[in-house]
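# Coordinate analysis (summary)
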Amino acid sequence: MYYYDFESPLGTLLLAGNELLESLHFPLGKTRIEPKQDWIYSKENFMDVLFQLEAYFKGELTSFDLDLNISGTDFQKKVWQELVKIPYGETISYGELAKRIKNPNASRAVGMANSKNPVPIIVPCHRVIGQNGSLTGFGGGLEVKKKLLEFEKKNKKSALSQ
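Residues numbered from 1 in each chain as written. Predicted model: local features only at pLDDT ≥ 70, side-chain atom pairs only at ≥ 80, totals over all residues. Heavy atoms only, no water.

So, on to the pairing of strand 3 (residues 21–25). By the criterion of burial, strand 3 is predominantly enclosed, with 4 of the 5 residues buried. Here 4 bridges tie strand 2 (residues 11–17) to strand 3, and the two strands are oriented antiparallel to one another. Its bridge partner being in strand 3, glycine 17 is matched across the sheet by leucine 21. Where strand 2 folds back on strand 3, the antiparallel hairpin that results is connected by 3 residues. (Buried < 20%, exposed > 50% of the residue type's maximum accessible area, 1.4 Å probe, protein only. Helix = DSSP H or I, 4+ residues; strand = E, 2+ residues; numbered from the N terminus. Pairing = 2+ DSSP bridges.)

The buried count for strand 2 comes to 5 of 7 residues, which makes it a mostly enclosed element. Two strands pair when backbone bridges link them, and strand 1 (residues 2–8) and strand 2 are joined in this way by 7 bridges, in the antiparallel orientation. When the bridges of strand 2 are listed, tyrosine 2 appears paired with glycine 17. Here strand 1 folds back onto strand 2, and the loop between the two strands holds 2 residues.

Looking now at the packing of aromatic side chains. How two aromatic rings sit relative to each other is given by the distance of their centres and the angle of their planes. Enumeration according to the criterion identifies 10 aromatic pairs in this entry. Considering the side-chain rings of phenylalanine 6 and phenylalanine 57, the 6.2 Å spacing of their centres and the 25 degrees angle between planes classify their relative orientation as stacked. Here phenylalanine 6 is found in strand 1, whereas its partner phenylalanine 57 is found in helix 1 (residues 47–57), with 51 residues between them in sequence. The buried category is assigned to phenylalanine 6, whose relative accessible area is 6%. Judged by its relative accessible area of 13%, phenylalanine 57 is buried. Centroid distance phenylalanine 26 to phenylalanine 138: 5.3 Å. Interplanar angle 55 degrees. Geometry classified as tilted. With phenylalanine 26 in the loop between strand 3 and strand 4 (40–41) and phenylalanine 138 in the loop between strand 6 (128–129) and helix 5 (142–161), this residue pair connects regions lying 112 residues apart in the sequence. Looking at phenylalanine 26, the relative accessible area reads 2%, which means it is buried. Ring-pair connections join several aromatic residues into one group, and the members of that group are Phe6, Tyr56, Phe57, Phe64, Tyr88 and Phe151. (Phe/Tyr/Trp six-rings, centres within 6.5 Å; stacked < 30°, edge-to-face > 60°.)

Listed as buried for helix 1 are Val49, Leu50, Gln52, Leu53, Ala55, Tyr56 and Phe57. Of the residues one or two after helix 1, glycine 59 is the one with positive phi, at around 80 degrees.

Attention now goes to unusual backbone geometry. We note that lysine 102 has phi near 65 degrees; this positive angle belongs to a residue other than glycine. The exposure class assigned to lysine 102 is exposed, which follows from its relative accessible area of 71%. If you check the backbone angles, isoleucine 121 has positive phi at about 75 degrees while not being a glycine. For isoleucine 121, a relative accessible area of 1% corresponds to the buried category.

As a general point, the strands of a sheet are linked pairwise by backbone hydrogen bonds and lie either parallel or antiparallel. Spatial strand order, 3-2-1-4: 4 strands in an open sheet with mixed pairing. Strands with a single pairing partner mark the edges of an open sheet, and in this sheet they are strand 3 and strand 4. Summarising the sheet, strand 1 and strand 4 pair through 2 bridges and their orientation is parallel. Residue pairing across strands places tyrosine 2 opposite isoleucine 40, the latter belonging to strand 4. With respect to the sheet, helix 1 is in contact with strand 1, strand 2 and strand 3, its orientation differing from that of strand 1 by roughly 15 degrees. (Contact = heavy atoms within 4.5 Å. Axes fitted to C-alpha atoms, helices over the stretch in contact; angles between N-to-C directions.)

Encoded structure:
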C-alpha cells in the first residue's frame, strides 16, 4: 500500500492506495488513521489525485474525475454513486438521498453508507445533511463538514458572479 500526506486547508489528509486511490483520511475525527509500517510513502502514485485536490481547494474544480478502487457493499456503492450527483455547493437530506436510490425508507442505512465512504470530498458525503438542515455525522468531524460546505457555497457564488 502506498500513501501520501496532502496538505490541505483542512489539515493533512492521508491518501492511501495501490494502483488507484482507495481511501482518504482526515487529520481528526473517527476515520483518522496512521500509515501502517509496511506502507510506502509516494507522491508519484497520487499525482492525478493531488492535481484535482489542489484545484478543488483553489475553488477551480467542482467535481472530481478520478479512477478509484473503493470497496463496499452493493448498497454502499449505490449510495456513493448517487453522492457524486449532488451539485457542488448544494446539500440534500439523508431522506432525499434514500429516495434518489429508490429506497425511501432507508435514510438510516443511507447514513451508515455515508459514514463508510472511503474517499470523502472526492465522493462528497459532506453534502448530505439532516432533514431539518442540521449538520449530522461526518468522519472528519462536524467542524470540517461545516468548513467544506461553507467553502463550496462561497466558491459557487464567486463562480456565478463572474
